[in-house]
Amino acid sequence: MNTKDYLVKEKGIDPSRITVTTSATDGQKVEDYLVPAGANFNNDVQGATPVDETTVKPQVRKPLPTRKHHRRAASK
């Protein structure tokens, strides 16, 4: 859901073009699939279950903390 939220809000992709699913594999990772016209994702990728987007919400994005750079004194 976080990836979809980013693609829609930051990159302007139509949300109807993105489907979020889960798989039976362990681990936290994101896999992106480009599905060409006429293809069926559910037939080609086994074990994917659609996510109920009314119950799962993306996490709020927090800006990274500002990094402070230390300047070195110039040597003579």
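In this report, the structure presented in the accompanying data block is examined.

1. Observations regarding the layout of surface pockets
The probe, sized like a water molecule, is rolled over the atoms to show the empty space still left. Taken as a whole, the largest pocket holds about 1400 Å³ of empty space. Lining the largest pocket are 35 residues, with T19, V20, T21, E31 and D32 sitting closest to its centre. Put simply, the parts of the chain that give the lining of the largest pocket at least two residues each are α1 (2–9), β1 (21–22) and α2 (41–44). Looking at the lining of the largest pocket, the element that brings in the most residues is α1, giving four residues. The residue inventory of the lining of the largest pocket, partitioned by class, reads 16 nonpolar, 13 polar and six charged.

2. Some thoughts on the packing of aromatic side chains
Within the structure shown, the criterion is met by one aromatic pair. Note on Y33 and F41: the rings are 5.3 Å apart at their centroids and 65 degrees apart in plane angle, and the pair reads as edge-to-face.

3. Remarks on the environment of T3
By the element assignment, T3 lies in helix α1. Residue class for T3 comes out partly exposed when judged on its relative accessible area of 31%. Between the C-alpha atom of T3 and that of V20, which follows or precedes it by 17 residues, the distance is 9.1 Å. Look past the residues within four positions of T3 in its chain and what remains in contact with it is V30 and D32.

4. Points about the pattern of salt bridges
Overall, the coordinates contain two salt bridges when judged by the stated rule. For E53, the salt bridge is made with K4, and the minimal N-O distance between the two is 2.9 Å. With E53 in the segment after β2 (49–50) and K4 in helix α1, this pair connects stretches of sequence that are 49 residues apart. Owing to a relative accessible area of 28%, E53 belongs among the partly exposed residues under this scheme. Taking relative accessible area as the criterion, K4 reaches 11% and is therefore assigned buried. Among the salt bridges present, the one from K9 reaches D5, with a minimum N-O distance of 3.2 Å. Here the residue K9 and the residue D5 both occupy positions in helix α1, the gap between them amounting to four residues, near one helical turn. D5 gets classed as buried once you look at its relative accessible area, which sits at 16%.

Conventions used here
Residues numbered from 1 in each chain as written. Predicted model: local features only at pLDDT ≥ 70, side-chain atom pairs only at ≥ 80, totals over all residues. Heavy atoms only, no water. 1 Å grid on protein atoms, 1.4 Å probe; cavity = no way out; pocket = protein on both sides within 12 Å on 5 of 7 lines; lining within 4 Å. Points joined across faces, edges and corners; volume = space filled by probe spheres on them. Helix = DSSP H or I, 4+ residues; strand = E, 2+ residues; numbered from the N terminus. Nonpolar A, V, L, I, M, F, W, Y, C, P; charged D, E, K, R; others polar. Phe/Tyr/Trp six-rings, centres within 6.5 Å; stacked < 30°, edge-to-face > 60°. Buried < 20%, exposed > 50% of the residue type's maximum accessible area, 1.4 Å probe, protein only. Contact = heavy atoms within 4.5 Å. Salt bridge = Lys/Arg side-chain N within 4 Å of Asp/Glu carboxyl O.

The analysis is restricted to geometry; functional conclusions fall outside its scope.
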